Amino acid sequence: MKNNSIFIICLLLMLSSCKGKKGNAETDNGSRTPKTSVRVTTVSYGSVNDELTFFGTTIYLRRNTITAPIAAYVTDVRVKLGDHVNKGDLLYILQSKESRALGNTFSKSDTSLNGFGIIKLRATESGVITTFDKQQTGEYITEGTQLCTIAADNELAIQVNVPFEFTEYTSVGRNCILSLSDGKKYTATFNKVLTAMNAVSQTQTIVAKCNEHIYLPENMIVKVSVSKGTDGNKQVLPRSCVLADEMMKEFWVMRLLNDSTAIKTSVVIGTKNTEKVEILSPKFNPTDRIISIGNYGLSDTALVIIEKEAH
């Protein structure tokens, strides 16, 4: 009788133990698929401003060469290298060899001969003296001798070397920003595209002209910034919302079907920067919720818990 009682007690303990294990297994199965804590946002509308940066070199497209009209002596020089001159400014005074030989003999007897053989050379256009070939007085020069060169200051241009894949952003008529080493900025416009490509760097030369009348030394390197931003009302998402494959060819976002399920949605992106991305397609509803934080590594259909919604 005693043995039977012990047997019954052991049997009851075993049944109780099995029941407990079964209950634990059901609990484990109920929580086997965890939910990921995420934050979500919705699309906004606008455009994304993304800048391309190139480097350009200043150049003067037109130069005027001042030459001696006759063989003569240089008697006076009124300019020096780098001077800015205006049209009509006196540059040189020359004296012909005949006038020099006669001196003032005839001018004293005939006042109409005052200034005989004296040639005054003036600037034919406003600009900067970029070459200064003759600067010594008393020097004898022959006819056609180059005296100096004036670079027309209204013909200042910037030669920009642009990789071919970015030439769509530097088309004629498009604006850009010139940034100088002293921090000054000026607006400029692309106005000419050269047909030849640089064989080594595979870049195309685009010529831009400053929209303001400024003076810059030739061969100065300046930074040229071009906006890639598009005009119009585009769908825009934070960059953290958009995921991509290893080759950066396929892009997608995780969109919420309901408060607990997110699905993978392929997207076509447009302009992007470090903060935002334009979404060209598909067309999202303003109420569609897109995961912005916690989306990395989620499967096509994932269970999520919304932590906080962006406003």
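Residues numbered from 1 in each chain as written. Predicted model: local features only at pLDDT ≥ 70, side-chain atom pairs only at ≥ 80, totals over all residues. Heavy atoms only, no water.

(A) Spatial organisation of the sheet that holds strand β3 (residues 51-60). On the basis of which strands lie adjacent, the closed barrel formed by six strands has the order β3-β12-β15-β14-β13-β16 and antiparallel pairing. Put simply, the sheet's adjacent strands are angled 40° from each other on average, direction ignored. Judged from the seven bridges that link them, β3 and strand β16 (residues 221-227) form a sheet pairing that is antiparallel. Note on β16: the bridge partner recorded for Thr57 is Ile221. (Pairing = 2+ DSSP bridges. Helix = DSSP H or I, 4+ residues; strand = E, 2+ residues; numbered from the N terminus. Axes fitted to C-alpha atoms, helices over the stretch in contact; angles between N-to-C directions.)

(B) Fine view of the confidence of the model for the protein chain. Summary statistics for the protein chain give a mean pLDDT of 83 and a share of 83% for residues scoring 70 or more. Mean pLDDT values over the elements of the protein chain span from 49, in helix α1 (residues 2-30), up to 96, in strand β19 (residues 251-256). (pLDDT = per-residue confidence, 0-100.)

(C) The arrangement of the pattern of salt bridges in detail. Tallied over the full model, the rule gives nine salt bridges. With its nearest N and O atoms 2.1 Å apart, the salt bridge here joins Glu218 to Arg63. Here Glu218 is found in the loop between β15 (203-210) and β16, whereas its partner Arg63 is found in strand β4 (residues 63-67), with 155 residues between them in sequence. Given a relative accessible area of 25%, Glu218 falls into the partly exposed group. Its salt-bridge partner being Arg78, residue Asp76 comes within 2.6 Å of it at the nearest N-O pair. Overall, the relative accessible area of 23% leaves Asp76 in the partly exposed class. Overlapping salt bridges, with partners in common, bring together Arg62, Glu125, Glu155 and Lys209 in one network. (Salt bridge = Lys/Arg side-chain N within 4 Å of Asp/Glu carboxyl O. Buried < 20%, exposed > 50% of the residue type's maximum accessible area, 1.4 Å probe, protein only.)

(D) Quick peek at unusual backbone geometry. With omega at 0°, the peptide bond leading from Ser281 into Pro282 counts as cis. With respect to the element layout, Pro282 can be found in the loop between β21 (276-281) and β22 (290-293). In this structure, Asn219 takes a positive phi of about 70° despite not being glycine. Relative to the helices and strands, Asn219 is located in the loop between β15 and β16. Look at Asn219 and you get exposed, because its relative accessible area is 60%.

(E) The arrangement of the side chain of Asn295 in detail. Take Asn295: it is sitting in the loop between β22 and β23 (301-309). Residue classification places Asn295 among the buried residues on the basis of a relative accessible area of 5%. Separated by 3.3 Å, the side chain of Asn295 and the backbone oxygen of Ile291 make a polar contact. Apart from residues lying up to four places away in sequence, Asn295 is in contact with Ser240, Cys241, Leu243 and Met254. (Polar contact = N/O pair within 3.5 Å; in protein donor to acceptor, adjacent residues only side chain to side chain. Contact = heavy atoms within 4.5 Å.)

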